[in-house]
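Chain by chain, the residues:
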Amino acid sequence: MTTSSTAPAGSTGPATGAADEWAAVCPLDALPVEQGRAALLPDGTAVALFRLHTGEIHAVGNLDPFSGAPVICHGIVGDRDGVPVVTGPLGKETFELATGRCLDDETVLLPVHEVRLTGRVIEVTARRNTVETLVGRG
């Protein structure tokens with residue numbers, strides 16, 4: 001299990017911080033497979049949630065870094081060479097769901113949030129990870 005941004009359906013990721021850092025955002029069943037939904041965290045952060053056919057759940061920032069519009073949740077979910085991605089609906093830039101890295105412009109990142117399941121409720125932390133912090137964990 002990866003605690004940086006994903007949790008397989010039915011499992012619970014370890015709590016890496018204080019309990020109040022996690023926010024319940026929706027029931028698992030409210031997040032359709034291979035589609036996105038937007039959620040607002042208690043601190044006002046907008047996230048885009050994605051549930052893959054593998055059961056993995058990802059949360060990334062919902063603001064498109066190219067347009068500034070809150071539309072990433074409306075992107076197309078897929079994969080590029082086996083890596084789960086979302087393609088933004090406006091400019092069609094593609095982002096890795098696990099790292100937030102833009103595959104079309106390596107200088108651009110989406111924030112990535114940790115996700116866990118508590119029972120059948122998806123919880124997201126407001127803490128943001130970037131490629132640099134994820135690489136530092138390895």
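Residues numbered from 1 in each chain as written. Predicted model: local features only at pLDDT ≥ 70, side-chain atom pairs only at ≥ 80, totals over all residues. Heavy atoms only, no water.

Draft legend 1. Up close: the sheet that holds strand S8 (residues 112–118). Taking strand neighbours across the sheet as the criterion, the six strands line up as S1-S9-S8-S4-S3-S2 in an open arrangement whose pairing is antiparallel. Lying at the two open borders of the sheet, with one neighbouring strand each, are strand S1 (22–27) and strand S2 (36–40). Direction aside, neighbouring strands of the sheet carry axes that sit 30° apart on average. Bridging between S1 and strand S9 (residues 121–129) involves five bridges; their strand directions are antiparallel. Paired with Pro27 across the two strands is Val121, which belongs to S9. (Pairing = 2+ DSSP bridges. Helix = DSSP H or I, 4+ residues; strand = E, 2+ residues; numbered from the N terminus. Axes fitted to C-alpha atoms, helices over the stretch in contact; angles between N-to-C directions.)

Draft legend 2. Expanded view of the packing of aromatic side chains. This model, assessed by the stated rule, comprises one aromatic pair. Measuring from ring centre to ring centre gives 6.4 Å for Phe66 and Phe95, while their planes differ by 45°; the resulting arrangement is tilted. Note that Phe66 is positioned in the loop between strand S4 (57–61) and strand S5 (76–80) and Phe95 in strand S7 (residues 94–96), a separation of 29 residues in sequence. By relative accessible area, which is 35% here, Phe66 ends up partly exposed. (Phe/Tyr/Trp six-rings, centres within 6.5 Å; stacked < 30°, edge-to-face > 60°. Buried < 20%, exposed > 50% of the residue type's maximum accessible area, 1.4 Å probe, protein only.)

Draft legend 3. Quick peek at the pairing of strand S3 (residues 46–51). For S3, the tally of buried residues reaches five of six residues, placing the bulk of the element in the interior. The pairing of S2 with S3 spans five bridges and is antiparallel. Residue pairing in the sheet places Ala38 in a bridge with Ala48 of S3. Hairpin remark: S2 followed by S3, antiparallel, with five residues in the connecting loop; positive phi at Gly44, about 95°. With five bridges joining them, S3 and S4 adopt antiparallel strand pairing. When the bridges of S4 are listed, Val47 appears paired with Gly61. Hairpin connection from S3 to S4: five residues lie between these consecutive antiparallel strands, with Gly55 at a positive phi of about 100°.

Draft legend 4. Structural context of the pattern of salt bridges. Per the counting criterion, the structure on display carries four salt bridges. The partner of Arg101 in a salt bridge is Glu96, and the shortest N-O contact between them spans 2.4 Å. Looking at Glu96, the relative accessible area reads 12%, which means it is buried. As a salt-bridge pair, Arg116 and Glu123 come within 2.6 Å of each other at their nearest N and O atoms. There is no split in this pair, since Arg116 and Glu123 are both buried. (Salt bridge = Lys/Arg side-chain N within 4 Å of Asp/Glu carboxyl O.)

Draft legend 5. Structural detail: the sheet that holds S7. Strand order in the open sheet made by the three strands is S5-S6-S7, with antiparallel pairing throughout. If you trace the sheet from one side to the other, it starts and ends with S5 and S7, each paired once. Along the sheet, successive strands turn relative to each other by an average axial angle of 40°, direction set aside. Pairing of S5 with strand S6 (residues 83–87), which is carried by five bridges, proceeds in the antiparallel orientation. Note on S6: the bridge partner recorded for Asp79 is Pro84.

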